[in-house]
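# Chain and residue survey
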Amino acid sequence: MERVSVLVVGGGIVGTAIAWRLAARGVGGIVVIDLDLAGLYASSELNAGGARATWWQPVNIETCRATLDFFRAHAADVGFREHGYLWLYADGALWECAVAKRALQNAYGLGVEILTPADVWARFPLLDRARDEIVGATFSPRDGLVNPNAVRALYRDRARHLGVQFRNRHYVAGVATAQSMGAAGALRRVAHVDVVEVEPGDPTDSAGILREILTTHRVPAAAVRTETRFACDTVVNCLGAWSSVFLAKIGVRDVTEPVRRQIALVDVRRRDLPPGTDLERLGMIVDPSGLYFHPEGASVLAGYSIPDEAPGFDFTYDDAFFETHLWPRLAHRASAFERCALRRGWAGLYDVTPDRTGVAGAVAGFTNLFEAHSFTGRGVMQSYGVATGMAELLATGRFETLDLSPLRRERFDDPARWVMEDLHI
Ligand SMILES: Cc1cc2nc3c(=O)[nH]c(=O)nc-3n(C[C@H](O)[C@H](O)[C@H](O)COP(=O)(O)OP(=O)(O)OC[C@H]3O[C@@H](n4cnc5c(N)ncnc54)[C@H](O)[C@@H]3O)c2cc1C
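First, a word on scope: everything that follows refers to the structure included in this document. Per chain, residues are indexed from 1 in the order of the written sequence. In keeping with the predicted nature of the model, local features appear solely for residues at pLDDT of at least 70, side-chain atom pairs appear and are counted solely at 80 or more, and the whole-chain, interface and lining totals rest on all residues. To get the side-chain values, take all heavy atoms of the structure and skip hydrogens and water.

Once that is clear, we can look at the sheet that holds strand β16 (residues 341-352). Within a beta sheet, neighbouring strands are joined by backbone hydrogen bonds and run either parallel or antiparallel to one another. In this description, strands pair whenever DSSP reports at least two bridges between them. Helix and strand assignments follow DSSP, with helices taken as H or I runs no shorter than four residues and strands as E runs no shorter than two, numbered in order from the N terminus. Taken in spatial order, the eight strands line up as β5-β6-β4-β13-β14-β15-β12-β16 in an open sheet, and their pairing is mixed. Two strands in the sheet have a free side with no partner beyond their single neighbour: β5 (113-115) and β16. Across the sheet, the mean angle from the axis of one strand to that of its neighbour is 20°, orientation sign disregarded. As defined by bridge partners, strand β4 (residues 85-89) adjoins strand β6 (residues 136-140) across five bridges and the pair is classed as antiparallel. In the sheet register, L86 faces β6, and the bridge partner there is F139. Contacting β4, β5 and β6, helix α5 (residues 92-107) crosses the sheet at an angle of about 150° to β5. Note on contacts: a residue pair is in contact if any heavy atoms of the two residues lie within 4.5 Å. The axes used here are C-alpha line fits, helices contributing only the stretch in contact, and every angle between their N-to-C directions lies in the interval 0 to 180 degrees. Along the sheet face, helix α9 (residues 321-333) touches β4, β12 (257-267), β14 (292-296), β15 (299-304) and β16 and points at about 110° away from the line of β15.

Looking now at the site of the ligand. One heavy atom within 4 Å of a molecule or strand makes the whole residue count as near it. Within the structure, the ligand sits among 31 residues, and D34, S44, G50, V172 and M381 are positioned closest to it. The definition of a polar contact used here is a pair of N or O atoms within 3.5 Å, where within protein one atom must be able to donate a hydrogen and the other to accept one, and adjacent residues in sequence count solely through side-chain atom pairs. V172 has a polar backbone atom sitting 2.9 Å from a nitrogen atom of the ligand. The separation between an oxygen atom of the ligand and a polar main-chain atom of G379 is 2.9 Å. Exposure was quantified through the Shrake-Rupley algorithm and a 1.4 Å probe, taking into account, for residues, occlusion by the shown protein chains and nothing else. For the ligand, the accessible surface in isolation is 1000 Å², of which the surrounding protein chains cover 96%. Each residue receives one of three labels: charged for Asp, Glu, Lys and Arg, nonpolar for Ala, Val, Leu, Ile, Met, Phe, Trp, Tyr, Cys and Pro, and polar for the others, Gly being one of them. Looking at the shell around the ligand, its residues break down into 16 nonpolar, 12 polar and three charged.

Moving on to the state of the cysteines. Two cysteines, two sulfur atoms, one covalent bond between them: this is a disulfide. Criterion for a disulfide: a pair of cysteine sulfur atoms within 2.5 Å. Applying the stated criterion across every chain, the model contains zero disulfides. Distance from the sulfur of C64, which forms no disulfide, to the nearest cysteine sulfur (C238) is 16 Å. Judged by its relative accessible area of 0%, C64 falls in the buried class. Burial classification: accessible surface area is computed with a 1.4 Å probe over protein chains only, and a residue below 20% of its type maximum counts as buried, one above 50% as exposed, and the rest as partly exposed.

Where charged atoms from two side chains of opposite charge approach closely, those side chains can pair. Within this document, salt bridges are pairs made up of a side-chain nitrogen of Lys or Arg and a carboxyl oxygen of Asp or Glu, the two lying within 4 Å of each other. As enumerated under the stated definition, the model contains 22 salt bridges in all. Between E400 and R25 there is a salt bridge; the shortest N-O distance is 3.2 Å. Of this pair, E400 sits in the segment after α10 (379-396) while R25 sits in the loop between α1 (13-24) and β2 (30-33), and the two are 375 residues apart along the sequence. Between R409 and E371 there is a salt bridge, with its nearest N and O atoms 2.7 Å apart. You can see R409 sitting in the segment after α10 and its partner E371 sitting in strand β18 (residues 369-373), a full 38 residues away along the chain. By relative accessible area, R409 is classed as buried at 10%.

One finds I18, F71, Y155, V236, A372 and M390 to be the most contacted residues of the largest nonpolar core, which totals 71 residues. Top element by residues in this core is α10. It accounts for nine residues. Discounting chain neighbours no more than four positions away, the residues touching Y155 are I13, T16, A17, W20, T67, F70, F71, S383 and Y384. The term nonpolar core refers to a set of buried residues drawn from Ala, Val, Leu, Ile, Met, Phe, Trp, Tyr and Cys, joined through side-chain atoms within 4.5 Å. Ranked by size, the runner-up nonpolar core spans 33 residues in total, among them I134, F139, V300 and F321.

Pasting the structure below:
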């Protein structure tokens, strides 16, 4: 049995950021556990590296703006390039909405510009096709691109420096609540550790206490499987797309779903670029078709979210994805993509909520369980802001500088309290 003050479950970009910000407030005894700290299946490892504060919901703007301020201040360390976000509109009603939201965005100092189609062609000669479709565009000059691996590495270094411990290859297999401990105080389980049997906690029981986390620790070379029981004062669920699996172990119904998202690296011949195009200086471009793309090293990274993608833990990259979804949209918008070549593609998971906004705060029914996950394609750009708010809540019991209360899961009980974010990709 190991005693831990704060156990952060999940060492992706969000869990790592929270551990660091909490340690920076002087909290000790923080341990982060993850089944794979390299993040082979973590969204933090598989994303597109877009970073913007331009959203339609204040809490998303505030948390992303705080994160971007951090990225800007550490631009060399995290590979932040302030090259902007260009968002093209073809639908009149959506365009009107975007224009109306600009006042909110600029009240936060984002400096969002409205571009006419003529402005777009003058500033982005790359976009030389289907021009008659475009009714307008917004350009957010303070947004940009970041290297997510470098972000996580920086958070991790800083956390380690302040004494946070990271435990690799710890698979969370069991959870013991006060109710499930039984008279003998033992974690009840059946034969195999991966199917730990825990009586569901009653989420309405405000005395609910999460007592222990059981992990299995496998050392492949030695083919040895060991177990660790962490007795913890506080637990923070940062399992990203796997959060609902954890919550199910303690009887908390989660409404978020893992949904596959595919992206690919594409090569463009430099001689195909229209005069005046400086590919490397471009930021993110979001097309009305749902396509998004930006320069990535010598290539272009392009993505598209298939609207009717079924939920599930699916990491398969479809061989036909590039030809079916990316290439037609790329070539429809820019002649330079007519002859582009696929380099490689991959798939990762969005952890999607019904209102497309993340979940953060205390878990009702438990005195010592907190959570931050399901940022629906926004976890990198929200990480520092969310971590700052969560560290405040964990250390002092309330939000001080960043109010994350709109992100509490209770909002899903009442659609009127949903934080509907429509500017997602
Ligand atoms: C294709 C794609 C493009 C994206 N583009 C962007 C973008 O441009 N900008 C942006 O900000 N966001 C983007 N995102 C979203 C972003 O990547 C995520 O929101 C963010 O990485 C979530 O971080 P996290 O720490 O919450 O989760 P994760 O990084 O998924 O971390 C969760 C961790 O939990 C661990 N884990 C799971 N189960 C267990 C268990 N039982 N025991 C122990 N450990 C466990 C995993 O190993 C993992 O390390 C994109 C995502 C995808 C898939």
